[in-house]
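The residues making up each chain are set out below.
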Amino acid sequence: MAFTDVFTPQWLKDRYLFGVDLTDDSGNPYPDALYNAAIASSVQILEAELDLVLTGTTTYTDRVDANMADSDSFFLTRLAKRPVWSVSAIAVQFGDHPQGQLPASWALVREPLSGQVQIMPGKELSFTLTYNGGFPLFGYESLIPRRYTPGWFNFSYSAGYDGTTNPYPADIQDAIGLLSAMLPLDTAGDLLVGAGIASTSVSLDGLSTSINSTSSATNSGYGARVIQYMKRYTKLMESMRARYRGVSVGVL
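Cut-offs used in this document
- Residues numbered from 1 in each chain as written.
- Predicted model: local features only at pLDDT ≥ 70, side-chain atom pairs only at ≥ 80, totals over all residues.
- Heavy atoms only, no water.
- Pairing = 2+ DSSP bridges.
- Helix = DSSP H or I, 4+ residues; strand = E, 2+ residues; numbered from the N terminus.
- Axes fitted to C-alpha atoms, helices over the stretch in contact; angles between N-to-C directions.
- Salt bridge = Lys/Arg side-chain N within 4 Å of Asp/Glu carboxyl O.
- Buried < 20%, exposed > 50% of the residue type's maximum accessible area, 1.4 Å probe, protein only.
- Arc of directions from axis to C-beta.
- Parallel < 35°, antiparallel > 145°, perpendicular 65-115°, else oblique.
- Contact = heavy atoms within 4.5 Å.
- Nonpolar A, V, L, I, M, F, W, Y, C, P; charged D, E, K, R; others polar.
- pLDDT = per-residue confidence, 0-100.
- Expected span 1.5 Å × (residues − 1).
- Phe/Tyr/Trp six-rings, centres within 6.5 Å; stacked < 30°, edge-to-face > 60°.

Caption draft 1: Representation of the sheet that holds strand S6 (residues 116–119). Taken in spatial order, the 3 strands line up as S2-S6-S5 in an open sheet, and their pairing is antiparallel. Of all strands in the sheet, those with a lone pairing partner are strand S2 (77–78) and strand S5 (107–109), marking the two edges. Both S5 and S6 contribute to a ladder of 3 bridges, which runs antiparallel. Looking at the pairing, Val109 lines up with Val117 of S6.

In structure tokens form, the structure reads like this:
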């Protein structure tokens, strides 16, 4: 499922834009493109801010260097995309030589958010596959001993939130909603009474009515809600950075 199936214009209206007049001067509703653009931009900002994949669960492949000094920690490796759900394949490769496959069951994912994986050899050892406490080898015994080999490991793995199998946490949903609401709120605030108009009045046969908004050259009609949303978003991001980025540091 794509993130656009979860974070829809109606989702944004129901949860973060309730009570807001989302029509132009002629009473026409704002196009869905406005909401979709705001949501897509917010998701991209949060992906960069939190170093997470929010656009769906996808299979990625990382090629990782191998250092003999890391063998004591079973080659603890931090993969590029997070959260990591599973590893589907592990290969070893020297330069552009053909790959040798290690059992995918050897991959130990301790915590999806950390993106960290270790290689724990299992019972699949055979005469064609050796693991002597150093580099896992497959047909490259002539390379022993080597302390460091660039691009030795190839990990194929599944990572990212998709809203179904790997649902979005509540705080991520809230952050996307708060940030996505900014563009519609700014647009609606500017058009609250009319484009560029802060007040209007009508007089007929001694009867008159007037409407004044908070709109001005420096403030939109929904400026108070924008300010409150930004305060919530800023506070929320403080805790989210600690939760989602803090786990990237591992201690052995």
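Caption draft 2: Highlighting the sheet that holds strand S9 (residues 148–159). Read from one edge to the other, the open sheet built from 4 strands follows the order S1-S9-S3-S4, with strand pairing classed as antiparallel. If you trace the sheet from one side to the other, it starts and ends with strand S1 (58–67) and strand S4 (100–102), each paired once. On average, adjacent strands in this sheet sit at an angle of 30° to one another, irrespective of strand direction. Relative to S9, S1 runs antiparallel, the two sharing 9 bridges. Its bridge partner lying in S9, Val64 is registered against Phe153.

Caption draft 3: Geometry of the pattern of salt bridges. Counting across every chain of the model gives 6 salt bridges. For the salt bridge of Asp51 with Arg78, the shortest nitrogen-to-oxygen distance reads 3.2 Å. Note that Asp51 is positioned in the loop between helix H3 (32–50) and S1 and Arg78 in strand S2, a separation of 27 residues in sequence. Given the relative accessible area of 36%, Arg78 is considered partly exposed. The structure contains a network of salt bridges with shared partners spanning Asp51, Arg78 and Arg82.

Caption draft 4: Quick look at helix H2 (residues 9–16). The set of residues buried in H2 consists of Pro9, Trp11, Leu12 and Tyr16. Viewed along the axis of H2, the buried residues span an arc of 160°, placing them on a single side of the element.

Caption draft 5: Examining the packing of H2 against H3 more closely. In contact at an axis separation of 9 Å, H2 and H3 are set at 80° when each is read in the N-to-C sense. Our classification of the angle between H2 and H3 gives roughly perpendicular. Residues Pro9, Leu12 and Lys13 of H2 touch H3, and the partners they reach there are Asp32, Tyr35, Asn36 and Ile39. Broken down by class, the residue content of the contact of H2 with H3 amounts to 4 nonpolar, 1 polar and 2 charged.

Caption draft 6: Representation of the confidence of the model for the protein. Within the protein, residue pLDDT values average 82, and 75% of them lie at 70 or more. The low-confidence segment residues 138–143 (pLDDT under 50) makes 15 contacts with residues lying over four places distant or belonging to another chain.

Caption draft 7: Structural context of H3. In this model H3 runs 27 Å from its N-terminal to its C-terminal C-alpha over 19 residues, within 8% of the 27 Å that 1.5 Å per residue would give. Buried within H3 we find Leu34, Tyr35, Ala38, Ile39, Ser42, Val43, Leu46, Glu47 and Leu50. Among the residues trailing H3, Asp51 stands out with phi positive, at a value near 60°.

Caption draft 8: Representation of the packing of aromatic side chains. All chains considered together, the criterion is met by 9 aromatic pairs. Ring centres 5.2 Å apart and planes at 65° place the aromatic pair Phe75 and Phe153 in the edge-to-face group. Of this pair, Phe75 sits in the loop between S1 and S2 while Phe153 sits in strand S9, and the two are 78 residues apart along the sequence. Side by side, Phe75 and Phe153 carry an identical accessibility label, which is buried. Taken together, the ring pairs in this structure connect Phe7, Trp11, Tyr16, Trp85, Tyr161, Tyr168 and Tyr229 into an aromatic cluster.

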